[in-house]
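The chain contents come next:
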Amino acid sequence: MAQPRILLLSLGGTITMTHSAEGGIVPTLTAADLAATVPGLDAAAEIETLSPLRRPSAGLTLDDLIGVAATLNRRLAGDLDGAVVIQGTDTIEETAFVLDCLVTGDKPVVVTGAMRGPESAGADGPGNLLAATIVAGSAGAHGLGVLTVLNDEIHAARLVQKAHTALTSAFRSPLAGPVGLVAEGEARIVLRPNRAPVLTGPLAPEAAPVALLRMGLGDDGRLLAALPDLGFAGCVIEGMGAGHVPEPLAEIVSAIAGRMPVVLASRAQTGPVFCRTYGYPGGEIDLLRRGALSAGLLSGLKARLLLQLLLRAGIARPDYAAFFADP
Ligand code: ASP
């Protein structure tokens, strides 16, 4: 059987980082450098490489990812069978989600990285890169949307979260678990989530800054009230529990929802925002009535990115709900 043709596209991250003379590790290696160190990679796929960026993932921007999505859409329309995006694990859940919103077609796109640098004992980069390439070249991964693969686990972009700062098992999908795993050199898909709607139209070049606010006990709302005058185009509130804020903030939510889209997520990170349970002022029924939109099952981090994309895509506000709905 012909080998799959897979593009490895590197943006940087720990997986590419080596020791610098100034101390600490910094991104230096390219996708081609990485590919050369992975035992068995050439048996898994015919590899092409591209290294547009060499950054820590905290330094990536939404515009970088819009550019990556355009490259992937262009390249995957040709004879590539799939792609692996290599980047830092700190923001992988965001990158994978943005690509999931923007990459069209059914061919697999897999985002991977490493928790340990390539010079450390037990470096996880080579194994992650091999597993990601196997998934990107597998028939079973078609139509699943963008995936992340680390520690031999396959996660859906909408569900995955970085849940630990250090362990190689840092990635979790607490809502539903991973969609599969890599074992004996093969991708085994065990769950097939529905694909969320993809934004296919043009995106405005101007940024649409969206604030992400996490509610804490006794929050007095001064930050929330200040947002419209700080130049934000939208706001995501990570409310308490199923989507709640302290009572005095309810009026502020009404006021800012009249000026910009306000999306309600949960600081619990996992589980749906409720819509018909709590009736007190500042509860979810009240906030939704005041004009907040539900983030559904999306984390605040992902809801923030989706709202930025919707604003830049010029989607009409009444149509936002379809993008936040559970696919
Ligand atoms: N700690 C990060 C990583 O795992 C650094 C980064 O995200 O670039 O890659």
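Cut-offs applied
Residues numbered from 1 in each chain as written. Predicted model: local features only at pLDDT ≥ 70, side-chain atom pairs only at ≥ 80, totals over all residues. Heavy atoms only, no water. UniProt positions renumbered as here; feature names shortened; annotations may be inferred. Pairing = 2+ DSSP bridges. Helix = DSSP H or I, 4+ residues; strand = E, 2+ residues; numbered from the N terminus. Axes fitted to C-alpha atoms, helices over the stretch in contact; angles between N-to-C directions. Contact = heavy atoms within 4.5 Å. Core = buried A, V, L, I, M, F, W, Y, C linked by side-chain atoms within 4.5 Å. Buried < 20%, exposed > 50% of the residue type's maximum accessible area, 1.4 Å probe, protein only. Near = heavy atom within 4 Å. Polar contact = N/O pair within 3.5 Å; in protein donor to acceptor, adjacent residues only side chain to side chain. Areas by Shrake-Rupley, 256 points an atom, 1.4 Å probe, with all protein chains shown as cover. Nonpolar A, V, L, I, M, F, W, Y, C, P; charged D, E, K, R; others polar.

Naming follows an unreviewed UniProt entry, where the chain appears as Asparaginase of Methylorubrum zatmanii. Checking UniProt for the chain, the heading Sequence similarities (unreviewed entry) contains the comment "Belongs to the asparaginase 1 family."

S.K.: When you look at the sheet that holds strand β7 (residues 147-150) in this model, what are you seeing that I'm missing?
M.R.: Sheet strands pair by backbone hydrogen bonding; their relative direction is either parallel or antiparallel. Read from one edge of the open sheet, 8 strands run β4-β1-β5-β6-β7-β8-β11-β12, paired in mixed fashion. The sheet is open, and its two borders are formed by β4 (46-50) and β12 (186-189), each paired with just one other strand. Within this sheet the neighbouring strands show an average axis-to-axis angle of 25°, counted without direction. Of the strand pairs in this sheet, strand β6 (residues 109-112) and β7 are connected by 2 bridges, and their pairing is parallel. By the bridge assignment, Val111 is partnered in β7 with Thr148. Strands β5 (82-86), β6 and β7 of the sheet are contacted by helix α4 (residues 92-102), whose axis makes an angle of about 165° with β6. Sheet strands in contact with helix α5 (residues 125-136) are β1 (5-10), β4, β5, β6, β7, β8 (153-156), β11 (180-183) and β12, and its direction is about 155° off that of β5.

S.K.: For this particular structure, what's the right way to read the nonpolar core?
M.R.: Where a protein is soluble and globular, its nonpolar side chains tend to be buried together. With 48 residues, the main nonpolar core has Leu72, Val85, Leu99 and Phe324 as its most contacted residues. For this core, the secondary-structure elements that each account for two or more residues are β1, α3 (62-76), β5, α4, β6, β15 (262-266), α9 (300-313) and α10 (320-324). Here Leu72 is in contact with Leu7, Leu9, Ala83, Val85, Leu99, Val103 and Val109, once residues within four sequence places are set aside. Counting 29 residues, the second largest nonpolar core, distinct from the first, contains Leu8, Val110, Ala141 and Val182.

S.K.: Would you explain the site of the ligand in this entry?
M.R.: Every residue near the ligand is listed here: Gly13, Thr14, Met17, Pro56, Ser57, Gly88, Thr89, Asp90 and Ala114. At 2.4 Å, a side-chain N or O of Thr89 approaches an oxygen atom of the ligand. Measuring from a nitrogen atom of the ligand, one finds a side-chain N or O atom of Asp90 at 3.1 Å. In the complex, 85% of the free accessible area of the ligand, which totals 260 Å², lies under the protein chains. Of the residues contributing to the shell around the ligand, the split by class is 3 nonpolar, 5 polar and 1 charged.

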